[in-house]
Amino acid sequence: MFVRIFIHRPVLAIVVSLVIMIAGGLSILALPVAQYPEITPPQIQVQATYTGARAQVVEETVAAPIEQQVNGAET
């Protein structure tokens, strides 16, 4: 029944669609965007230098403790 009304009265269909679009545009202003959670997770970048050490020593003394602390960090 609604389809028949909008097919026979295209101006009515245009007016209804414009009213819906304007109502949607105005409702964007009322959305509480500040209360939404962050979409992207926080990123942490760490740079460490251990001069003269082998890769295994750097992994055990620098990388592993940093990784444990970062994985347990509150976000």
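Structure: see above.
Definitions and limits used
- Residues numbered from 1 in each chain as written.
- Predicted model: local features only at pLDDT ≥ 70, side-chain atom pairs only at ≥ 80, totals over all residues.
- Heavy atoms only, no water.
- Helix = DSSP H or I, 4+ residues; strand = E, 2+ residues; numbered from the N terminus.
- Rg over C-alpha atoms; globule rule 2.2 N^0.38 Å.
- Buried < 20%, exposed > 50% of the residue type's maximum accessible area, 1.4 Å probe, protein only.
- Areas by Shrake-Rupley, 256 points an atom, 1.4 Å probe, with all protein chains shown as cover.
- Patch = residues over 30% accessible without salt bridge, like charges linked within 9 Å, V, L, I, M, F, W, Y side chains within 5 Å.
- Salt bridge = Lys/Arg side-chain N within 4 Å of Asp/Glu carboxyl O.

Caption draft 1: Structural detail: the overall build of the chain. A count of helical and extended segments in the chain gives three helices and zero strands. The helix and strand sequence of the chain, counted from the amino end, reads α-α-α. Its C-alpha atoms give the chain a radius of gyration of 29 Å, clearly above 11 Å, the size a compact globule of 75 residues would have. By principal-axis analysis of the C-alpha atoms, the chain measures approximately 80 × 25 × 20 Å. Buried residues in the chain amount to 1% of all 75 residues. Of the roughly 7400 Å² of accessible surface on the chain, a fraction of 63% belongs to carbon and sulfur atoms.

Caption draft 2: Spatial organisation of a nonpolar patch on the surface. Side chains of Met1, Phe2, Ile5, Phe6, Leu12, Val16 and Ile20 sit close together on the surface and give an oily, nonpolar patch of about 720 Å² of accessible area. Elements represented by at least two residues in the nonpolar patch include exactly helix H1 (2-8) and helix H2 (10-29). Structurally, Met1 can be placed in the segment before H1. Classification of Met1 by relative accessible area gives exposed; the value is 80%.

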